[in-house]
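Residue-level structure breakdown
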Amino acid sequence: MDAMTFVLFGATGDLAKRKIYPALYNLFLDEKLPSSFSLIGLGRREISNTNFQKHVEESIQTFSRRSLYESEDIKGFLQAFRYESLDVNQLGDYERLRAAVEELETEMNLPQNRMFYLSVAPDFFEMIAINLHKSGLSSTSGWKRLIIEKPFGRDLASARHLNATLSRAFEETEIFRIDHYLGKPMVQNLEALEFGNPVLKALWNKEFISNVQITASETVGVEDRAGYYDQSGVIRDMVQNHMMQLFMMTAMQPPASNSPEEIRKEKSKVMEALRTVPKEEMADYIVRGQYESGEMNGHQVPGYTEEHGVSSDSMNNTFMAARLLVDNPYWEGVPFYIRTGKRMTEKSTKIVIEFKQEHKQENLSPNLLVITINPNESVTLTLNSKNPLNDGKIEPIHIGHSTKTEEVPEAYERLIFDAMKGDATFFAHWNEVELSWKWIQPILEAFDKNALALHKYPAGSMGPDAAEELLKKDGFNWW
Ligand SMILES: NC(=O)C1=CN([C@@H]2O[C@H](COP(=O)(O)OP(=O)(O)OC[C@H]3O[C@@H](n4cnc5c(N)ncnc54)[C@H](OP(=O)(O)O)[C@@H]3O)[C@@H](O)[C@H]2O)C=CC1
Ligand SMILES: O=C1O[C@H](COP(=O)(O)O)[C@@H](O)[C@H](O)[C@H]1O
């Protein structure tokens, strides 16, 4: 891997502490960092290099899946971390930073390969890109890359504006848009499952599949993020990015090769074929909900509008289900359902493929392929089989495989490693992001105008009844 300087905006923030430093440490333990690696952390506050290194060490101690004692040279690792104070709005600060980066490159004999990671509030993304360009930091004799956190825009127009601004300093091939769901091992495994198994590959279409259900249910409520969440809702927080990525990865056709370009091309094709939700029939496609107080694990929890920081008349969405129709020859007539929400019965992310039954028989269950992404990873196939212990009655049996997730590298570890290698396969391409916002936009507008009912659901349930109805109308039920 190429030697590089890693420039981290938001080095004193929550994400850096909980995810980025532990990820870098685990990569270091696995000898996956370049032999010459150096990181400059940035934030407004003044911190010495020593205190910054202590902060990184404490973050690893608290949040890493592996202990500090696993390394024989933790000091050597920490010495690669330096800190500069910088206000993202001050061009002069970037000029100072440029001098510091160049000094480091000379001192360590590093090529001018620069990785810029924007782990700051999205309001700063554009300003940083502009100042990186103006200060000359993004003009290098080596490569330059930009890792950018979510959310990528608030709607179609702002996402386009942000992308246009980033494009002034970085090419599309240099931009790595993080969607941590794409870093989850089972999500990265989807393509291999779908197309690496002739038996599944042959069945992966409208001839054999009756419907697909993608669920990401969470037990947590708004937590201490009301300021952000009340402005975003589940539609921006989970649907536009994570749920749409899961949908694309499931509905795409086999790519011509395993290259990032071919995989992303197939994902974009799915989005191009995705039917726009007709405004006048919105309720047949979309259900939005908001949790009320309810019981979870034997405790009463408050409803969304009783949460700290949320106004009592908030119409924000904390649950969304949708029916997606893909107008292409492979999926015509096969509904893809997605649902996600806060304060639901269980924490679970899974994709269920329901296969068609030749003739519906009362005693036969449909064959299901269940791909569980979270909290554990597994693949299970449900088949019908006679049970000799029950008078030969036909009952569903489950054939499965599961993985021990504790030992598997975490999403941020995989994604940062890929970005350092320059592999963009599991990052969101601009086409995908733009097409996703295009599909979302009319739904956002309907939500903003309150043109769609806001269904209440009790905390601890699997969402409003209307989400059940959405499938019932098509003759299905959620698995
Ligand atoms: N936290 C999480 O779990 C997740 C976060 N994200 C995304 O990651 C990004 C960062 O989130 P998070 O770490 O939680 O945010 P925090 O609020 O915890 O951290 C913000 C960081 O930005 C710095 N900062 C704030 N203002 C300025 C400024 N004017 N100039 C320079 N630096 C500034 C702060 O440092 P200082 O105060 O010293 O200036 C701090 O390091 C966001 O885009 C968020 O959406 C995505 C997924 C999960
Ligand atoms: O991006 C986000 O994801 C989490 C859920 O992630 P998971 O890996 O635990 O499934 C969600 O809680 C959060 O609101 C959202 O911003």
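Residues numbered from 1 in each chain as written. Chains lettered and ligands numbered in written order. Predicted model: local features only at pLDDT ≥ 70, side-chain atom pairs only at ≥ 80, totals over all residues. Heavy atoms only, no water.

**Thoughts on the site of ligand 1**
Selection rule: A single heavy atom is enough: if one lies within 4 Å of a molecule or strand, its residue is considered near that molecule or strand. Pairing of N or O atoms within 3.5 Å defines a polar contact, subject to two protein rules: one partner must be a possible hydrogen donor and the other a possible acceptor, and residues neighboring in sequence count only if both atoms are side-chain atoms. Computed by Shrake-Rupley with a 1.4 Å probe, the accessible areas treat only the displayed protein chains as cover when residues are assessed.
Lining the immediate surroundings of ligand 1 are 21 residues, of which Thr12, Arg18, Arg44, Arg45 and Val120 lie closest. Gly13 is positioned such that a nitrogen or oxygen atom in its backbone is 3.0 Å from an oxygen atom of ligand 1. Contacts to ligand 1 include Arg18, whose side-chain N or O atom sits 2.4 Å from an oxygen atom. Contact with the protein chains covers 76% of the free accessible surface of ligand 1, which is 890 Å².

**Things to note about the domain arrangement of the protein chain**
Stated precisely, the cut-off is as follows: Each domain's limits were defined by an automated method or a database of domain assignments.
With domains assigned, the protein chain is organised as domain 1 (4-149) and domain 2 (182-410 + 427-473). Taking only C-alpha atoms, the centre of domain 1 and the centre of domain 2 are 35 Å apart.

**Some words on the sheet that holds strand S4 (residues 114-118)**
Put simply, the rule reads: Any two strands are treated as partners once DSSP identifies two or more bridges connecting them. Secondary structure elements follow DSSP: runs of H or I no shorter than four residues count as helices, runs of E no shorter than two count as strands, and numbering proceeds from the N terminus. Between N-to-C directions, angles cover 0 to 180 degrees, with each direction set by a line fitted to C-alpha atoms, over the stretch in contact for helices.
With respect to topology, 6 strands assemble into an open sheet ordered S3-S2-S1-S4-S5-S6, the strand pairing being parallel. The two strands at the open ends of the sheet, each matched to only one other strand, are strand S3 (81-85) and strand S6 (175-177). Ignoring which end each strand starts from, the neighbouring axes of this sheet average 20 degrees apart. Pairing of strand S5 (residues 144-148) with S6, which is carried by 3 bridges, proceeds in the parallel orientation.

**A few points about the site of ligand 2**
Let me state the cut-off plainly: Residue polarity is assigned by list, with Asp, Glu, Lys and Arg as charged and Ala, Val, Leu, Ile, Met, Phe, Trp, Tyr, Cys and Pro as nonpolar; anything else, Gly included, falls into the polar class.
All residues in the neighbourhood of ligand 2 are listed as Lys150, His180, Tyr181, Lys184, Glu218, Arg225, Asp237, Met238, His242, Lys342, Lys347 and Asn374. In this structure, an oxygen atom belonging to ligand 2 sits 2.6 Å away from a side-chain N or O atom of Glu218. Between ligand 2 and the protein, one listed contact pairs an oxygen atom with a side-chain N or O atom of Lys347 at 2.8 Å. Of all the elements, helix H10 (residues 226-251) adds the most residues to the shell around ligand 2, at 3 residues. The residue makeup of the shell around ligand 2, split by class, is 2 nonpolar, 3 polar and 7 charged.

**Description of helix H14 (residues 465-472)**
Put simply, the rule is: To sort residues, take the accessible area from a 1.4 Å probe on protein chains only and compare it with the maximum for the residue type: under 20% means buried, over 50% means exposed, and anything in between is partly exposed. As used here, the arc is the angular range of directions from the helix axis to the C-beta atoms. Residue contacts follow a heavy-atom distance rule, with two residues in contact if any of their heavy atoms lie within 4.5 Å.
Buried within H14 are the following residues: Ala466, Ala467, Leu470 and Leu471. Down the axis of H14, the smallest arc covering the buried residues is 145 degrees, so these residues share one side. Seen from the open side of H14, the exposed residues pointing more than 90 degrees away from its buried face are Asp465 and Lys472. Structurally, H14 contributes buried residues whose contacts are with strand S7 (209-217), strand S8 (286-292), strand S11 (319-324), strand S12 (336-341) and strand S17 (454-458).

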